[in-house]
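Structure at a glance
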Amino acid sequence: MSSVKDIGMVLKDKSKPLKDRFRALFTLRNLGGHEAIDIIASCFDDSSALLKHELAYCLGQMQDRYAVTALVEVLEDKSQEAMVRHEAGEALGAIGSPEVLEVLQQYAADPVVEVAETCQLALERVRWLQSKQNETENLLPNPYSSVDPAPPAAQVDIMTLRTNLLDESLPLFQRYRAMFTLRNIGSREAILALAAGLKCKSALFRHEIAYVLGQIQSDACVSQLTDNLMDSQENPMVRHECAEALGAIATEESMKILQKYLQDSERVVRESCIVALDMSEYENSGQFQYADTLQKLTKDVNGVEASS
């Protein structure tokens, strides 16, 4: 039995702790290949919206056109949770293949606003890639190696970027571009500008703000993330992302906050706190960051395969 199949068995085993299944998922993402994609795609029948959301995220980050069919099926499946369909749409944009333009155009008018906004953004990203504009813009490098739903903006003045980020009359794609430039700058001033976005109207936008704050891993935004996590009226998709961001920041304060929400009434929030606390343990272990640990595991697996 191949190592990919072994890891896939952990991912597919619904009796396993969620944190173990997440580690298996991210290891499969790092390994890549059609077999890994097939295993990941086979898990969209799971009862955990959080896990399915991460399945779609990983398929997008792998940027393999082989995953397009599975992601389109998830996007089109109205029985899937909004956060799962949203992530499938975002993943199609991350892959960036022109073949997805028609389906993204169709779902850009979806009655679920988070899905519609995601598909609008994904459309703009694919068109931006096609336009070759990316070859002429002088953009800040992305220090996080993530495939983002929009490129950074060419503008680097923090006050201008903050104004554009918070201007709800601007197209969402333009505001996202400001968001990713502020993330790439990463200064305290940039972080506080981003955190102000947690009060904007769009749940999709607030969710992405929380995601990038988690990438930065600064304790400058713990109170703002906590406010949104504590708000029981907040969209669960946003609360989940705030929990994961607090786990990535991994301070003693953020870990105590996450402990309080392990019994939250929203399943996706409870499960996010479990995964976030697991991330916190890795961040504080003094050995590897969470992602680095997964990459090490991937290298170990590849070494086993090479020697077998």
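Residues numbered from 1 in each chain as written. Predicted model: local features only at pLDDT ≥ 70, side-chain atom pairs only at ≥ 80, totals over all residues. Heavy atoms only, no water.

What follows covers the overall build of the chain. When its secondary structure is counted, the chain shows 17 helices and zero strands. Across the 308 residues of the chain, 55% fall into the buried class. Partitioning the contacts of the chain with sequence separation of at least 6, the portion at a separation of at least 24 is 67%. When the accessible area of the chain is evaluated, it comes to approximately 13,300 Å², of which 48% is carbon and sulfur surface. (Helix = DSSP H or I, 4+ residues; strand = E, 2+ residues; numbered from the N terminus. Buried < 20%, exposed > 50% of the residue type's maximum accessible area, 1.4 Å probe, protein only. Contact = heavy atoms within 4.5 Å. Areas by Shrake-Rupley, 256 points an atom, 1.4 Å probe, with all protein chains shown as cover.)

Our focus in this paragraph is the UniProt feature "binding site: Fe cation 1" (unreviewed entry) in the chain. Sites flagged by UniProt as "binding site: Fe cation 1" (unreviewed entry) map to His53, Glu54, His86 and Glu87. For the residues just named, distributed over 35 residues, the greatest C-alpha separation is only 11.2 Å, placing them together at one site. Counting through the fold element by element, glutamate 54 comes out in helix H4 (residues 49–62). Looking at glutamate 54, the relative accessible area reads 5%, which means it is buried. Apart from the residues within four sequence positions on either side, glutamate 54 is in contact with Phe22, Leu25, Phe26, His240 and Glu244. Polar side-chain contacts of glutamate 54 include one of 3.2 Å to the side chain of histidine 53. (UniProt positions renumbered as here; feature names shortened; annotations may be inferred. Polar contact = N/O pair within 3.5 Å; in protein donor to acceptor, adjacent residues only side chain to side chain.)

Moving on to the packing of aromatic side chains. Within this structure, the stated rule accounts for four aromatic pairs. A ring pair is formed by phenylalanine 22 and phenylalanine 26, whose centres lie 6.4 Å apart and whose planes are at 40 degrees; its orientation type is tilted. Separated by four residues within a single helix, phenylalanine 22 and phenylalanine 26 lie in helix H2 (residues 18–31), roughly one turn from each other. Both residues of the pair, phenylalanine 22 and phenylalanine 26, count as buried. Connected via pairs of aromatic rings, a cluster forms that spans Tyr176, Phe180 and Phe205. The ring centre of phenylalanine 205 lies 4.1 Å from the NZ or CZ of arginine 175, which sits over that ring. (Phe/Tyr/Trp six-rings, centres within 6.5 Å; stacked < 30°, edge-to-face > 60°. Lys NZ or Arg CZ within 6 Å of the ring centre and 35° of its normal.)

Another aspect to go through is the pattern of salt bridges. Tallied over the entire structure, the rule returns eleven salt bridges. Here glutamate 271 makes a salt bridge to arginine 267, at a shortest N to O gap of 2.7 Å. With a gap of four residues between them, glutamate 271 and arginine 267 both fall in helix H16 (residues 267–283), about one helical turn apart. Judged by its relative accessible area of 35%, arginine 267 falls in the partly exposed class. (Salt bridge = Lys/Arg side-chain N within 4 Å of Asp/Glu carboxyl O.)

On average, residues of the chain score 91 in pLDDT, and 90% of them reach the 70 mark or higher. In the model, residues 287–308 has pLDDT below 50 throughout and makes 28 contacts with residues more than four positions away in sequence or in other chains. (pLDDT = per-residue confidence, 0-100.)

This brings us to the nonpolar core. Core analysis: the largest hydrophobic core is formed by 99 residues, its most contacted members being Leu11 and Leu225. In contact with leucine 11, not counting residues within four places along its chain, are Arg21, Ala24, Leu25, Leu28, Ile39, Ile40, Cys43, Leu51 and Leu55. (Core = buried A, V, L, I, M, F, W, Y, C linked by side-chain atoms within 4.5 Å.)

As annotated in UniProt, the feature "binding site: Fe cation 2" (unreviewed entry) corresponds to His207, Glu208, His240 and Glu241 in the numbering used here. Those residues within four positions of glutamate 208 in sequence are excluded, and the remaining contacts are Glu90, Pro149, Tyr176, Met179 and Phe180. Here glutamate 241 lies in helix H14 (residues 236–249).

At 3.6 residues per turn, the α-helix brings residues three or four places apart onto the same side. The terminal C-alpha atoms of H4 lie 20 Å apart, and with 14 residues this matches the ideal 20 Å at 1.5 Å per residue to within 8%. At the exit of H4 stands glutamine 63, carrying a positive phi of roughly 55 degrees. (Expected span 1.5 Å × (residues − 1).)

Glancing now at helix H12 (residues 203–216). For H12, with 14 residues, the first-to-last C-alpha span of 20 Å sits near the 20 Å given by 1.5 Å per residue. One side-chain oxygen at the N-terminal end of H12 lies 3.3 Å from the backbone nitrogen of leucine 204; it belongs to serine 202. Directly after H12, the chain includes glutamine 217, whose backbone phi takes a positive value near 65 degrees.

Looking now at unusual backbone geometry. We note that glutamine 63 has phi near 55 degrees; this positive angle belongs to a residue other than glycine. Tracing the backbone shows glutamine 63 in the loop between H4 and helix H5 (68–76). Notably, glutamine 217 is not glycine yet its phi reads approximately 65 degrees, a positive angle. Relative to the helices and strands, glutamine 217 is located in the loop between H12 and helix H13 (222–230).

Let's shift gears to the packing of H4 against H14. H14 packs onto H4 with a crossing angle of 75 degrees between their chain directions and a minimal axis gap of 12 Å. In terms of orientation, H4 lies roughly perpendicular with respect to H14. Of the residues in H14, those touching H4 at Leu50, His53 and Glu54 are His240, Glu241 and Glu244. Here the residues of the contact of H4 with H14 are counted per class, giving one nonpolar, two polar and three charged. (Axes fitted to C-alpha atoms, helices over the stretch in contact; angles between N-to-C directions. Parallel < 35°, antiparallel > 145°, perpendicular 65-115°, else oblique. Nonpolar A, V, L, I, M, F, W, Y, C, P; charged D, E, K, R; others polar.)

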